[in-house]
Structure formats: C-alpha cells, structure tokens
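Analysis of the macromolecular model
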Amino acid sequence: MYAVVRLRGSINTEKKIKDTLNMLNLTRRNHCVLVPKNKSYEGMLMRVKSHVTYGEINKETLKELVKKRGRKPGDKKLTEEEAEEIAEKIWKNKSVKNTGIKPVFRLSPPSKGLKSIKKPYPKGDLGYRGKEINKLLERMI
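Description of the structure in this document. (Residues numbered from 1 in each chain as written. Predicted model: local features only at pLDDT ≥ 70, side-chain atom pairs only at ≥ 80, totals over all residues. Heavy atoms only, no water.)

1. What to know about the overall build of the protein
Scanning the protein from N- to C-terminus turns up five helices and seven strands. Ordered by position in the sequence, the α and β elements of the protein form the string β-α-β-α-β-α-β-β-α-β-β-α. Expected size for 141 residues packed as a compact globule is a radius of gyration near 14 Å; at 14 Å, the protein falls within 12% of this value. Taken along the three principal axes of its C-alpha coordinates, the protein extends 40 × 30 × 25 Å. Per-residue burial over the protein gives 41% buried out of 141 residues. Sequence-distant contacts in the protein: of pairs separated by 6 or more residues, those separated by 24 or more amount to 73%. (Helix = DSSP H or I, 4+ residues; strand = E, 2+ residues; numbered from the N terminus. Rg over C-alpha atoms; globule rule 2.2 N^0.38 Å. Buried < 20%, exposed > 50% of the residue type's maximum accessible area, 1.4 Å probe, protein only. Contact = heavy atoms within 4.5 Å.)

In structure tokens, the structure reads:
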C-alpha cells in the first residue's frame, strides 16, 4: 500500500494533473491518502509525480497516522482502541473504504522542512521515495 502526500499547490497546474489529484482526494497541500498498489493507481501516481511524494507505508507508521490524524465524519477524534482496530482493518484490506473514517489525513508541514518541491527525490522531495516515506510522515504527524 502506498502513502501519497501532496506537496505542491494548484497554481499553474495542468487540467489533467488537477483532475488526477482530485480523483486521488488530494485537494490541498500536506494532505495524505492511502492507495493500494495496482496498475491503475500507479499510472495516476506517475502522472502527478511532479506534485506529490509517495512510497510504501509500514504498519507502525500507519497505526500512528490513524491514531493521531484519523477522523470520523464530523471531525470527531478516534479513541485509541478504535484507532488500533481501524489500522488493522486498513492493513488487512489494503484500503480505507468501509472503515468509518475520512479517506484524507490532514498533516502539518514537516518539522525541519523540505529540501525542494521542484526536484525529484533524492535531491528534492517529489516523486517515489520507497520506504523513506515513513520518515517524512513521522515528521509530518
């Protein structure tokens, strides 16, 4: 499962990229979504790689993300027990659907900042970063 974080805004963005970001529910900067690994999502990620960063999320980061940033409809916080159950469900099903939480996680800007939102990872922060996405997410949670 991929964690996808939008890093760039929507000014001067092509319509195709805007539409793809909307399909991914990434409407604002520093929003994160979880998507399964399959060809259709990988194609979408290739199209928007100049606006997002993504990689494989591990179980510990997923639990922390759901516990601290997961919200029920109506912006209600989750209890620790609910967060543990939902994180297990998401890990097992590889999807946020049918879990009772919002599909988007609103994150804060990363502590210690970003390198560059104009260059691809390793020199900057855009595009595919593999397991290193967990370090970024920990700084943003």
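Read on for the rest.
2. Let's talk about the pairing of strand S2 (residues 31-35)
Summarising burial for S2: five of the five residues are buried, a large majority. Burial of the side chains of S2 extends over both faces: His-31, Val-33 and Val-35 are buried on one face and Cys-32 and Leu-34 on the other. Where strand S1 (residues 2-6) and S2 come together, four bridges link them in antiparallel fashion. Looking at the pairing, Tyr-2 lines up with Val-35 of S2. Sheet analysis places S2 next to strand S6 (residues 105-106), joined by two bridges and oriented antiparallel. Within the sheet, the bridge partner assigned to His-31 lies in S6 and is Arg-106. (Pairing = 2+ DSSP bridges.)

3. Quick look at the pattern of salt bridges
For the coordinates displayed, the defined rule picks out eleven salt bridges. The residue Lys-15 makes a salt bridge to Asp-19 at a minimum N-O spacing of 3.2 Å. Remark: Asp-19 and Lys-15 occur in helix H1 (residues 15-23); sequence separation between them is four residues, near one turn of the helix. Judged by relative accessible area, Lys-15 falls into the exposed class, the value being 62%. With a shortest N-O distance of 3.1 Å, Lys-102 and Asp-75 are connected by a salt bridge. (Salt bridge = Lys/Arg side-chain N within 4 Å of Asp/Glu carboxyl O.)

4. A few points about the sheet that holds S1
Pairing is mixed across the open sheet formed by five strands, whose spatial order is S6-S2-S1-S3-S7. Each having just a single partner strand, S6 and strand S7 (127-128) make up the two edges of the open sheet. Together, S1, S2 and strand S3 (52-56) form the strand contacts of helix H5 (residues 133-140), whose direction differs from that of S3 by roughly 115°. (Axes fitted to C-alpha atoms, helices over the stretch in contact; angles between N-to-C directions.)

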